[in-house]
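Here is what each chain is made of, one letter per residue.
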Amino acid sequence: TEFVQNHPGGASKIMLAAGKSVEPFWQIYQQHLGNPAVQEILGDLQIGWLDPKDVAGMELDLDRNDPYAREPKTHPALSVHYAKPVNAEIPPSLLMDSWITPNDLWYVRHHHPVPVEHIEGRDKLSLELGVSLGGSHTTQVLSLQDLKEKFEKKKVVATMQCGGNRRGGLNGVDDTKGTSWDVGAISNAEWAGVSLLELLRHMGVEGPEDAEKKGIKHVQFESHDGMTASIPIEKALNPYGDTIIAYEMNGVDIPKKNGYPLRAIVPGVVGVRNVKWLKSITLSSEEAEGPWQRGMNYKVFSPSVKDLNSVDIASVPTIQEQPVQSVIVSPQDGETLEVVPEEELEIKGYSWSGGGRGVIRVDVSIDSGKSWHTATLKEGSEQNPMRAWAWTFWEVSIPVPVSQGKVATKVDICCKATDYAHNCQPETPDSIWNLRGLNNNSWHHVNVNLDDVS
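Residues numbered from 1 in each chain as written. Predicted model: local features only at pLDDT ≥ 70, side-chain atom pairs only at ≥ 80, totals over all residues. Heavy atoms only, no water.

Chemist: Can you walk me through the overall build of the protein chain in this structure?
Modeler: When its secondary structure is counted, the protein chain shows twelve helices and 24 strands. The C-alpha radius of gyration of the protein chain comes to 24 Å, within 12% of the 22 Å expected for a compact globule of 454 residues. Referenced to the eigenvectors of the C-alpha coordinate spread, the extents of the protein chain come out at roughly 75 × 60 × 45 Å. For the protein chain, buried positions account for 50% of its 454 residues. Looking at the protein chain alone, contacts between residues at least 24 apart form 71% of all its contacts between residues at least 6 apart. (Helix = DSSP H or I, 4+ residues; strand = E, 2+ residues; numbered from the N terminus. Rg over C-alpha atoms; globule rule 2.2 N^0.38 Å. Buried < 20%, exposed > 50% of the residue type's maximum accessible area, 1.4 Å probe, protein only. Contact = heavy atoms within 4.5 Å.)

As structure tokens, then:
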């Protein structure tokens, strides 16, 4: 079959299990377990059943060797999609409690077990810096202490959003491949660390002309868990790009679940490029290898593409900056509100746009988009609109809808944001549906019931 070539984790990943049991691999990639989409695919590939005697005691052995046994605890308030690896989002009721998201409540998107053995119990944590060009490779190593003492500390407040945030809304059009995130795969923090621009200068790259002369086009990040991703050199060398290698999150050491001891923070770019548990940085003429950069995982295909059998995946650019976004946080979908005529509905939410483009307006409708009310932009609205890395909260009050003297019983509330480049959210998810369910920024809707208690 063509399944090996179309494996979401990459052909090279699945071939590691060729001729072997898949169980040890599924213990790491446990999103396979109990997943209907996986079961459907494998149903056509099944060739038989193992004798129960052959698998006796297997569960005990797996528990004993579970690579997730030392995972940092996930806050019980988070909505957990998968426990191994952890995929968990913030419920709407907590999203706007604080403009800076508390560390414990940050959304979690892991691809593997937290590499605990690599990030604790070591006397000297370090970062490897490399240049790989024209067949030659040079490296140097800086300790964590070097990064803290030899370079100026730089701070940046940045919102991070998973590429699959709001994927559940695309599943209403057609099934997608990935975790069915709601609206909470997004968080905001103050990060502190070393400017990547300064690190590049330390590595001998003086600026854009120097990088071009040397043939450097990409900055590759590698994690202690084996995950790899990269960003264009233009982002890294932009003095206004504010990319840092962080060692602090909201004033403390980065928690293990969020990337301790070092994390790449690339403001305005999709979450997966903000590599956790950073092991090395390599300057190269090529993008990083691996399914998260070159594979299908973070690539947006045409709505007409229902499978990848005839798609040249390599020719499709991977996600870097993300489109403008806004979401209604309160009231919540399906909620019943007690109201009286002449009262106002209090509606609030968040907005954000990639690339540092500030949000300049959020429009809200309570009649499915027939008429609009402009929201008041709150926390985050004071940011430089060309370097607005953090989200902007908004709120609006709209009179309770009354028709022929009676309060409407059901209301469809929707919102759409416009950013500094006057990009606006598309009306429906149909036109932006894609197989991987990425970058859903269609108008966000919540349907609420109104109970007239006058």
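Chemist: What is the right way to read the sheet that holds strand 3 (residues 108–109) from this model?
Modeler: Two modes of strand pairing occur in sheets, parallel and antiparallel, and in both the strands are linked by backbone hydrogen bonds. In spatial order, the strands read 1-2-3; together these three strands make up an open sheet with antiparallel pairing. Looking at strand neighbours, the two that pair on one side only are strand 1 (79–83) and strand 3, the edges of this open sheet. Direction of pairing for strand 1 relative to strand 2 (residues 86–89): antiparallel, over a ladder of four bridges. Looking at the pairing, A83 lines up with V86 of strand 2. (Pairing = 2+ DSSP bridges.)

Chemist: Mind showing me how you'd approach the pattern of salt bridges here?
Modeler: When the charged atoms of two side chains with opposite charge come close together, those side chains can pair. Inspection of the entire model under this criterion finds 17 salt bridges. With a shortest N-O distance of 3.6 Å, D146 and K150 are connected by a salt bridge. Of the two residues, D146 and K150 are both situated in helix 8 (residues 144–150); the distance of four residues between them amounts to about one turn of the helix. On the basis of relative accessible area, K150 is assigned to the exposed category, the value being 60%. For the salt bridge of R294 with E286, the shortest nitrogen-to-oxygen distance reads 3.7 Å. Each of R70, E120 and K256 takes part in one network of salt bridges that share partners. (Salt bridge = Lys/Arg side-chain N within 4 Å of Asp/Glu carboxyl O.)

Chemist: I would appreciate a short explanation of a nonpolar patch on the surface in the present structure.
Modeler: On the surface, a nonpolar cluster with roughly 190 Å² of combined accessible area is contributed by I41, L42 and L45. Structurally, the position occupied by L42 is in helix 4 (residues 36–43). Owing to a relative accessible area of 32%, L42 belongs among the partly exposed residues under this scheme. (Patch = residues over 30% accessible without salt bridge, like charges linked within 9 Å, V, L, I, M, F, W, Y side chains within 5 Å. Areas by Shrake-Rupley, 256 points an atom, 1.4 Å probe, with all protein chains shown as cover.)

Chemist: Looking at this model, I keep getting lost on the pairing of strand 7 (residues 186–195). Mind explaining?
Modeler: Both faces of the sheet carry side chains from a regular strand, because those side chains alternate between them. For strand 7, the buried fraction is high: nine of the ten residues fall into the buried class. Sheet topology places strand 6 (residues 153–161) next to strand 7; nine bridges connect them, and they run antiparallel. Looking at strand 7, one finds that K154 is bridged to G193.

Chemist: How should I be thinking about the sheet that holds strand 8 (residues 218–223) in this particular structure?
Modeler: In space, the five strands of this open sheet follow the order 5-4-13-8-9, with mixed pairing throughout. Either end of the sheet is taken by a strand with one partner, and the two such strands are strand 5 (136–143) and strand 9 (228–232). Direction aside, neighbouring strands of the sheet carry axes that sit 20° apart on average. Across six bridges, strand 8 lies against strand 13 (residues 278–284) in antiparallel orientation. Considered in strand 13, the bridge of H218 is made with S284. (Axes fitted to C-alpha atoms, helices over the stretch in contact; angles between N-to-C directions.)

Chemist: Sorry if this is basic, but what is going on with the packing of aromatic side chains here?
Modeler: Ring pairs (aromatic) are described by centroid distance and by the angle formed between their planes. A full pass over the atoms with the stated rule returns six aromatic pairs. Pairing Y350 with W391 gives two aromatic rings, centres 5.4 Å apart and planes at 40°, and the pair type is tilted. Pair noted here: Y350 is in strand 16 (residues 344–352) and W391 is in the loop between strand 19 (376–377) and strand 20 (392–399), with a separation of 41 residues, a long-range link. Judged on exposure class, the residue Y350 and its partner W391 are both buried. Site record: aromatic cluster; members linked through ring pairs are W106, Y107, W181 and W191. (Phe/Tyr/Trp six-rings, centres within 6.5 Å; stacked < 30°, edge-to-face > 60°.)

Chemist: Which parts of the structure should I look at to understand empty space enclosed by the protein?
Modeler: It is a probe the size of a water molecule, rolled over the atoms, that shows where empty space is left. Under the defined criterion, the tally for this structure stands at three cavities of 30 Å³ or more. Its volume calculated, the largest cavity comes out at about 220 Å³. Residue lining of the largest cavity: 22 residues in total, with R109, H111, R263, G271 and K276 positioned closest to the centre. Of the residues in the lining of the largest cavity, the class split is ten nonpolar, seven polar and five charged. Here the second largest cavity defines a volume of roughly 40 Å³. Residue lining of the second largest cavity: A158, T159, M160, W191, I265, V266, P267, G268, V269 and N274, and that is the complete set. Broken down by element, the lining of the second largest cavity gets its largest block of residues, three residues, from strand 6. (1 Å grid on protein atoms, 1.4 Å probe; cavity = no way out; pocket = protein on both sides within 12 Å on 5 of 7 lines; lining within 4 Å. Points joined across faces, edges and corners; volume = space filled by probe spheres on them. Nonpolar A, V, L, I, M, F, W, Y, C, P; charged D, E, K, R; others polar.)

None of the figures reported here should be taken as evidence of function without further support.
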